[in-house]
Amino acid sequence: MFAVYASAPHADDPMAGLTIGERPEPSVPEGWVRVDVRAASLNMHDVWTLRGVGIAAESFPMILGCDGAGVLADGTEVLIHPVINAPGWRGDETLDPRRTLLTERHQGTFADSVVVPAGNVIPKPPELSFAVAATLGTAWLTAYRMLFVQAGVRPGQTVLVQGASGGVSTALIQLASAAGARVWVTGRTEEKRALATGLGAHATFEAGARLPERVDAVFETVGKATWSHSLKSLKPGGTVVVAGATSGPDPSADLQRVFFLQLRVLGSTMGTRQELVDLVSFLRLHDIRPQIGLTLPLEQATDGFRAMLDGETTGKIVFTR
Ligand SMILES: NC(=O)c1ccc[n+]([C@@H]2O[C@H](COP(=O)([O-])OP(=O)(O)OC[C@H]3O[C@@H](n4cnc5c(N)ncnc54)[C@H](OP(=O)(O)O)[C@@H]3O)[C@@H](O)[C@H]2O)c1
């Protein structure tokens, strides 16, 4: 079948392993289902996979794509929850020490079809397009858990989102704004800050700029480039939720500030199946449609990867079949 895959890891030149071609049709183990993919979306995780981060060398070649939406054999339209648990795991799927994300051990969604455990699909409501549904499983689910599960953001609180135009950042802005928070955003360019304003940000700032006042919660996926600013921007007792470190991890954790101001530093990864169901419900209730900046046929996936690597994002990047 047609697929976009990582042929081998390349730590310093991720595009070197990006391959467009044919992969074997998947077999369907008992208890798993085959989804014929209609749309899939790109995440930074796919770039990490091309670099060989978070995947064993023997797992290559690996079809890329954590997120997707499509159709089951019986015609049911579904979207995919990409957290795959060890058999028998019960409870919060993100806490299973043996969990993997699609593309770490099991083949991904950038293909004609993908095979996942039956419990990893949820129904796609008809009013959400396949493209929209394909944005939800990773970036949007992560943003939902960061905001509402980890930070417990309440209406009226002020939150800072580091980064304006990325998949997780745009999801944080749209969700926090719909939930009634005052949303402040840093962005690296005027265009990116304007995008954030259009998505509901109440104020935007250049990266690293001093804020008018300290905030209740900061949402971090950038890492080293913004970490110090994140801690400095928090009120005493404030919360920073971190789900990524695109610019690299920061070895100086600024511990004095953490203990003296009693800051809460919370990690967050993906979300549960139920949180994905709740996210879909939230989108329907508030009539929110995720910001999609670029839609391409899967055959042109290389252009999408290049845009992400160059930092030229304007929301999610979606591939269609
Ligand atoms: N833990 C989890 O479960 C989870 C889930 C999803 C994503 N993540 C992680 O979150 C991060 C973002 O993922 P994504 O898919 O949203 O990526 P993306 O779409 O490429 O977004 C990158 C974001 O990083 C911001 N950024 C600011 N300063 C940066 C710098 N110096 N270098 C690079 N980026 C900078 C960009 O802001 P501007 O708009 O200002 O350019 C943009 O908002 C990745 O590290 C990813 O691995 C983790």
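Residues numbered from 1 in each chain as written. Predicted model: local features only at pLDDT ≥ 70, side-chain atom pairs only at ≥ 80, totals over all residues. Heavy atoms only, no water.

### Some remarks on the domain arrangement of the chain
Where interface size is given, it is often the accessible area lost as the parts come together that is meant. Counted only if it meets this: Bear in mind that the domain bounds are from an automatic or database domain assignment. Residue contacts follow a heavy-atom distance rule, with two residues in contact if any of their heavy atoms lie within 4.5 Å. Buried area counts how much accessible surface, traced with a 1.4 Å probe, disappears from two parts once they are put together, with both parts' losses summed. A side-chain nitrogen of Lys or Arg and a carboxyl oxygen of Asp or Glu constitute a salt bridge if their distance falls within 4 Å. Whenever a nitrogen or oxygen atom comes within 3.5 Å of another N or O atom, the pair is scored as a polar contact, on the condition that within protein one atom can donate a hydrogen and the other can accept it, and that pairs from neighbouring residues in sequence are kept only if both atoms are in side chains. Each residue gets one label: Ala, Val, Leu, Ile, Met, Phe, Trp, Tyr, Cys and Pro are nonpolar, Asp, Glu, Lys and Arg are charged, and the others, such as Gly, are polar.
The domain architecture assigned to the chain consists of domain 1 (2-135 + 290-320) and domain 2 (139-267). Counting from both sides, the interface comprises 15 residues of domain 1 and, opposite them, 15 residues of domain 2. Together, the buried faces of domain 1 and domain 2 total about 1000 Å²; carbon and sulfur atoms form 55% of this surface. For domain 1, the biggest contributors to the area lost against domain 2 are Pro290, Gln291 and Thr313; these three give 34% of the whole. Taken together, domain 1 and domain 2 are joined by one salt bridge. The partner of Arg145 in a salt bridge is Asp92, and the shortest N-O contact between them spans 3.0 Å. Across the domain 1-domain 2 interface, the total number found is six residue pairs in polar contact (both at pLDDT 80 or more). Across the side of domain 1 that touches domain 2, the residue classes break down as three nonpolar, nine polar and three charged.

### With respect to the site of the ligand
Let me state the cut-off plainly: Near, as used in this document, describes a residue that has one of its heavy atoms within 4 Å of the molecule or strand being considered. Here the accessible surface of atoms and residues is derived via Shrake-Rupley with a 1.4 Å probe, and residues count as covered only by protein chains that are part of the display. Numbered from the N terminus, helices here are DSSP runs of H or I no shorter than four residues, and strands are runs of E no shorter than two.
Surrounding the ligand, one finds 27 residues, the nearest of these being Trp48, Ser165, Ala243, Thr246 and Met270. Between the ligand and Ala164 there is a distance of 3.0 Å, counted from an oxygen atom to a backbone nitrogen or oxygen. At 3.0 Å from an oxygen atom of the ligand is found a side-chain nitrogen or oxygen belonging to Lys192. Protein coverage of the free-state accessible area of the ligand, which is 920 Å², stands at 87%. Of all elements in the fold, only α1 (44-51), α3 (136-150) and α4 (167-178) reach the threshold of two or more residues within the shell around the ligand. No other element matches α4, which puts three residues into the shell around the ligand. Its residues assigned to classes, the shell around the ligand comprises 10 nonpolar, 15 polar and two charged.

### Topic: the sheet that holds strand β16 (residues 264-267)
For clarity, the threshold we go by: Strand pairing is assigned whenever DSSP detects at least two bridges linking the two strands. Only the stretch in contact is used when a helix axis is fitted, and all axes are lines through C-alpha atoms; the angle between N-to-C directions ranges over 0 to 180 degrees.
Within the open sheet, the six strands sit side by side as β13-β12-β11-β14-β15-β16. Their pairing is parallel. Edge positions in the open sheet fall to β13 (203-206) and β16, since each of these has one partner strand only. Recorded for the sheet is a direction-independent mean angle of 20° between the axes of neighbouring strands. Contacts from helix α5 (residues 190-198) reach β12 (182-187) and β13, with the element oriented near 165° to β13.

### Details of the sheet that holds strand β1 (residues 2-6)
Spatial ordering of the open sheet is given by β2-β1-β4, a layout of three strands whose pairing is antiparallel. Across the chains shown, the open sheet's two edge strands, defined by having one partner strand only, are β2 (18-22) and β4 (62-63). Judged from the five bridges that link them, β1 and β2 form a sheet pairing that is antiparallel. Looking at the pairing, Ala6 lines up with Leu18 of β2.

### As for the side chain of Lys192
Topologically, Lys192 is positioned in helix α5. Other than its neighbours up to four places away in sequence, Lys192 contacts Ala164, Ser165, Gly311 and Thr313.

### Some details on the packing of α1 against helix α9 (residues 301-309)
Our working definition: In these notes the angle categories are as follows: under 35 degrees is roughly parallel, over 145 is roughly antiparallel, 65 to 115 is roughly perpendicular, and the rest is oblique.
The interhelical angle for the contact between α1 and α9, taken along N-to-C directions, is 95°, at an axis separation of 10 Å. One way to sum up the angle between α1 and α9 is to call them roughly perpendicular. Taking contact as the criterion, the partners of Met44, Asp46, Val47, Leu50 and Arg51 in α1 are, on α9, Phe305, Met308 and Leu309.

### A short note on the environment of Val116
Counting through the fold element by element, Val116 comes out in strand β9 (residues 113-117). Sequence-wise, Val116 and Val28 are 88 residues apart; in three dimensions their C-alpha atoms are separated by 8.3 Å. Beyond its immediate chain neighbours, meaning those up to four positions away, Val116 contacts Trp32, Val33, Val35, Ile80, Leu102 and Val121.

### Brief notes about unusual backbone geometry
Here is the rule we go by: Only protein chains enter the accessibility calculation, which uses a 1.4 Å probe. A residue is then buried if its area is under 20% of the maximum for its type, exposed if over 50%, and partly exposed in between.
Geometrically, the link from Phe60 to Pro61 is a cis peptide bond, its omega value of -5° lying close to zero. Of note, Pro61 is situated in the loop between α1 and β4. Residues other than glycine seldom take positive phi values, yet Gln262 does so here, at roughly 50°. Within the secondary structure, Gln262 sits in the loop between α7 (255-260) and β16. The phi dihedral of Met270 is positive, around 50°, even though this residue is not glycine. Mapped onto the elements, Met270 comes out in the loop between β16 and α8 (273-286). The class of Met270 is buried, set by a relative accessible area of 6%.

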